[in-house]
Amino acid sequence: MKLYVPHDTTAVAAGANRVADALRKLPGAEIVRTGSRGAFFLEPLVEVDTPAGRAAYANVQPKQAATLLKKKPTPIAQIPFLAQQTRFTFANAGITDPLDVKAYGFSALDKARGMGPQKLIDEVKTAQLRGRGGAAFPAGIKWQTTKDVQSPVKYVVANADEGDPGTYSDRMIMEGDPFRLIEGMAICARAVGAKKGYVYIRSEYPAAIRRMRAAAVRALEAGMLGPESFELEIFIGAGAYICGEETALLESLEGKRGMVRPKPPFPAIEGLYGKPTVVNNVVTFATVPDIILRGGAWHASMGTEKSKGTMPLQLAGCIKQAGLVEVPFGLTLEEAIYAFGGGLPKGSRFKAVQVGGPLGSVFPEALLKTRICFDEFIKAGGILGHGGIVVFDQRTDMRVLARHYMEFTADESCGKCTPCRVGSTRAKEILDAAVKGEATDEDYALLNELGDTMKSTSLCALGGLAPEPVRTIMQYFGKEFQKRR
Amino acid sequence: MPPLAQVLERCATTPPNILATLQKVQATLGYVPHTAVPEIAHALGVTDSDVAGVLSFYHDLRTEPPGKHTIRFCLGESCLAAGAEKSLAAIEKKLGCELGETTKDKRFTLEKVYCLGNCALSPCAMIGEDVHGRVLPKTLADLLKEYKK
């Protein structure tokens, strides 16, 4: 009898390895390690096959293993957190063995090999696929740009430096369905005329690194990668948030300090080693196989006017049901937090929510009706970014949180441009004083001015957007800053 | 051949990749001693300052030997929302060292990290390559026991 036990980092942190070891002792048990479905509050989630499909046992502990199968499992379709989702990009996560080439199939790449490069790009354009890493740039335009540059050498790079705290969708793809990323990259390579690619993975993700390396070997053995078609290398980062910025990432990939390059030229024209390079986020690439299989129009039929397809939201912080939620763009923040996240745990009351990571915004309750799509978020004074949603409760001191954001920027600024390097440190000093209740009105005026300067003169999005969480905290929770010692 | 020379022999690529080389040196020696910079630079055909520049840029690269186990304690927003600062204070007290320091017995080095992608189980910490969730003051002692040796 097959027993499916996730091998995902969070599932393992919840005890999945010990559960797998205990279940292995059951007579006739065949343990299949899978990725996670992302319903992390239910991990370790052990599944079995039933005539009506997969069914699960939630929060299994090793000591329950001996008698587990005597209990009735819950059909997956009856777990609302999962049943309410629209899974495409994450369709395999938690279901299959991530390294089973046959189960994956590579049918999109097969199909792509029968299509001309321009046809592939046209499908991505029709799909209106926008980058899921944070900048939401149209992928089709990026691909077209690289395709149109005459160059014997071109590169395809997956940005797997998922640095925004509170996000883990790239990690889940790499751990739970790595072939989908490889397939998306191989299709891109075919479309733009690249023979070599890299996955740049942050070092904080050791399990994803191991899984991606193993997957690259298997894909090569299966003929999905190769020196004639597309070669793939895994490169490991070294703990620098800025390397999630595409030009810093390319510098780092070349082995240099991860310093931002001024744009233009854009990487699509002059990227890695000065060659045309497509840099896309992991989820962006992982969305491509379905677009090729089902057609761009299928993808464009989901979502809102300008945000097409689905978005993997990642719920975290003070929330009952933390986990990954893949849904078409368009639901509200409130629905994400309450209908999927189950609201806050007992004893916690909603105070604020961070959306879009440390370069996003901090929203109060009044903005929970904001619809989740790129444009509505911008209208509300934020960004959707990489889809991280971190909930804070009444115990959060907003001054401490504001200081945290500036400390983060001061730690992670690459130092190339002065507004970001110096601005973040000066702003942190003011917020240090604010935490102590010693900041004056002049200090806050200076903080504002620093924010404006960083915003308008920084070289990249780190310096340009880092003032946003602080600005929105001051805007919505300004009262807390009036407390003086 | 000394270990450093052996590593460097494997790293002579065209063009040279300084970061990948330093990562390999650190994987072998545990850290990248400042004194090794000229030899690394020579092997790669770059300047000392090129190597020193990369070495000082990345949080992962270290120039001092670490403790036996490195604890990377998460201070990302999800962990902060879940009380990471209390856990951190408890761990600092328990180890008798602060962020960026190594315990006197050289068993643990304590560092901060911004997000391990394990946000559903905040607060989190990574010890070696093991990611742990729900690292709370009351569960700390048991967790550290696993890494006593």
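Residues numbered from 1 in each chain as written. Chains lettered and ligands numbered in written order. Predicted model: local features only at pLDDT ≥ 70, side-chain atom pairs only at ≥ 80, totals over all residues. Heavy atoms only, no water.

> Explanation requested: the domain arrangement of chain B in the structure shown.
For chain B, the assigned domains are domain 1 (3-57) and domain 2 (69-145). Computed over C-alpha atoms only, the centres of domain 1 of chain B and domain 2 of chain B are separated by 30 Å. (Domains from an automatic or database assignment.)

> What exactly am I supposed to notice about the nonpolar core here?
In summary, soluble globular proteins display a tendency toward joint burial of nonpolar side chains. Residues and elements named next belong to chain A. In terms of nonpolar packing, the biggest core is built from 197 residues, with Trp 143 and Val 199 touching the most fellow members. Looking at this core, the element that brings in the most residues is helix H10 (residues 178-192), giving 10 residues. Once residues within four sequence positions are removed from consideration, Val 199 is found in contact with Ala 158, Ala 160, Met 174, Leu 181, Met 185, Met 212, Leu 232, Glu 233, Ile 234 and Phe 235. The next biggest cluster of nonpolar side chains, apart from the first, holds 17 residues, and it includes Ala 11, Ala 22, Val 46 and Ala 65. (Core = buried A, V, L, I, M, F, W, Y, C linked by side-chain atoms within 4.5 Å. Buried < 20%, exposed > 50% of the residue type's maximum accessible area, 1.4 Å probe, protein only. Helix = DSSP H or I, 4+ residues; strand = E, 2+ residues; numbered from the N terminus. Contact = heavy atoms within 4.5 Å.)

> Please explain the domain arrangement of chain A as it appears in this structure.
Note on interface size: it is often stated as the accessible area lost on association of the parts. All names here are of chain A. As far as domains go, chain A holds domain 1 (2-83), domain 2 (102-300), domain 3 (310-393) and domain 4 (398-482). On the side of domain 2, 7 residues touch domain 1, which itself brings 9 residues to the contact. For the pair domain 1 and domain 2, the summed buried area comes to about 530 Å², and 47% of that belongs to carbon and sulfur atoms. Our count for the domain 1 to domain 2 interface comes out at 4 residue pairs in polar contact (both at pLDDT 80 or more). Partitioned by chemical class, the residues of the side of domain 1 that touches domain 2 number 1 nonpolar, 6 polar and 2 charged. (Buried area = accessible area lost by both parts, 1.4 Å probe. Polar contact = N/O pair within 3.5 Å; in protein donor to acceptor, adjacent residues only side chain to side chain. Nonpolar A, V, L, I, M, F, W, Y, C, P; charged D, E, K, R; others polar.)

> Even after reading the chapter, I still don't get the pattern of salt bridges, so can you show me in this structure?
Two side chains carrying opposite charge are able to pair once their charged atoms lie near each other. All names here are of chain A. Taken as a whole, this structure holds 33 salt bridges over all chains when the rule is applied. Its salt-bridge partner being Glu 47, residue Arg 37 comes within 2.6 Å of it at the nearest N-O pair. You can see Arg 37 sitting in the loop between strand S2 (30-34) and strand S3 (46-50) and its partner Glu 47 sitting in strand S3, a full 10 residues away along the chain. No difference in accessibility class separates Arg 37 from Glu 47, as the two residues are buried. In this structure, the salt-bridge partner of Arg 294 is Asp 290, at a minimum N-O distance of 3.0 Å. Highlighted residues: Arg 294 and Asp 290, both in helix H13 (residues 282-294), separated by 4 residues, approximately one helical turn. Here the residues in one salt-bridge network are Lys 142, Glu 245, Glu 246 and Lys 263, joined through shared partners. (Salt bridge = Lys/Arg side-chain N within 4 Å of Asp/Glu carboxyl O.)

> Looking at this structure, I do not really get the sheet that holds strand S2 (residues 108-113) of chain B. What am I missing?
Remark on secondary structure: sheet strands pair via backbone hydrogen bonds, oriented parallel or antiparallel. All names here are of chain B. Strand order in the open sheet formed by 4 strands is S2-S1-S3-S4, and the pairing between neighbours is mixed. Of all strands in the sheet, those bounded by a partner on one side alone are S2 and strand S4 (130-132). Going from strand to strand, the sheet's axes swing by 20° on average, the running direction of each strand aside. When strand S3 (residues 125-127) meets S4, the two strands line up antiparallel, connected through 3 bridges. Bridge pairing in S4 links Ile 127 to Asp 130. (Pairing = 2+ DSSP bridges. Axes fitted to C-alpha atoms, helices over the stretch in contact; angles between N-to-C directions.)

> Would you take a moment to explain the packing of aromatic side chains for this structure?
Two aromatic rings, taken as a pair, are described by how far apart their centres are and by the angle between their planes. Residue and element names in this part refer to chain A. By the definition in use, this model includes 16 aromatic pairs over all chains. Look at Tyr 104 and Phe 179: their rings are 6.0 Å apart centre to centre, the planes differ by 50°, and that puts the pair in the tilted class. You can see Tyr 104 sitting in helix H5 (residues 101-104) and its partner Phe 179 sitting in helix H10, a full 75 residues away along the chain. Here the two residues Tyr 104 and Phe 179 agree in accessibility, since each one is buried. What links up through ring pairs into an aromatic cluster is the set Phe 41, Phe 81 and Phe 340. Over the ring of Trp 298 we find Arg 294; its NZ or CZ atom is 4.9 Å from the centre of that ring. (Phe/Tyr/Trp six-rings, centres within 6.5 Å; stacked < 30°, edge-to-face > 60°. Lys NZ or Arg CZ within 6 Å of the ring centre and 35° of its normal.)

> It is not clear to me how the pairing of strand S4 (residues 53-57) of chain A should be interpreted in this structure. Could you clarify?
Along any regular strand, the residues point their side chains to alternate faces of the sheet. Residue and element names in this part refer to chain A. For S4, a buried count of 4 out of 5 residues is recorded, marking the element as mostly surrounded by other parts of the structure. Pairing of S3 with S4, which is carried by 5 bridges, proceeds in the antiparallel orientation. Across the sheet, the residue bridging to Thr 50 is Gly 53, located in S4. Connecting S3 to the next strand, S4, in antiparallel fashion are 2 residues. Bridge count between S4 and strand S5 (residues 74-75): 2 bridges; the pairing is antiparallel. Bridged to Ala 56 within S5 is Thr 74.

> It is not clear to me how the environment of Gly 255 of chain A should be interpreted in this structure. Could you clarify?
Here Gly 255 of chain A shows up in the loop between helix H12 (246-253) and strand S9 (277-281). As for Gly 255 of chain A and Tyr 200 of chain A, which are separated by 55 residues in sequence, their C-alpha atoms are 12 Å apart. Discounting chain neighbours no more than four positions away, the residues touching Gly 255 of chain A are Asn 17, Ile 18, Leu 19 and Val 54 of chain B.

> I'm lost on the packing of helix H19 (residues 441-457) of chain A against helix H21 (residues 467-477) of chain A in this one. Help?
The description of two packed helices rests on the angle between their axes and on the distance between the axes. Residues and elements named next belong to chain A. Two elements in contact, H19 and H21, have axes separated by 10 Å at closest approach and are oriented at 140°. The interaxial crossing formed by H19 with H21 has left-handed handedness. Along its contact with H19, which presents Tyr 444, Leu 447, Gly 451, Met 454 and Lys 455, the element H21 presents Pro 467, Glu 468, Val 470, Arg 471 and Met 474. Residue composition of the contact of H19 with H21, by class: 6 nonpolar, 1 polar and 3 charged. (Left-handed = near helix turned anticlockwise from the far one by under 90°.)

> Would you take a moment to explain unusual backbone geometry for this structure?
Between Lys 263 of chain A and Pro 264 of chain A the backbone carries a cis peptide bond, its omega angle lying at -5°. Mapping Pro 264 of chain A onto the fold places it in the loop between H12 and S9. The peptide bond linking Ser 122 of chain B to Pro 123 of chain B adopts the cis configuration, its omega dihedral lying at -10°. By the element assignment, Pro 123 of chain B lies in the loop between S2 and S3. A positive phi angle, close to 60°, is found at Ala 136 of chain A, a residue other than glycine. Positionally, Ala 136 of chain A belongs in the loop between helix H7 (117-127) and helix H8 (139-148). Using a relative accessible area of 7% as the deciding quantity, one classes Ala 136 of chain A as buried. Even without a glycine there, the phi angle at Lys 106 of chain B is positive, about 65°.

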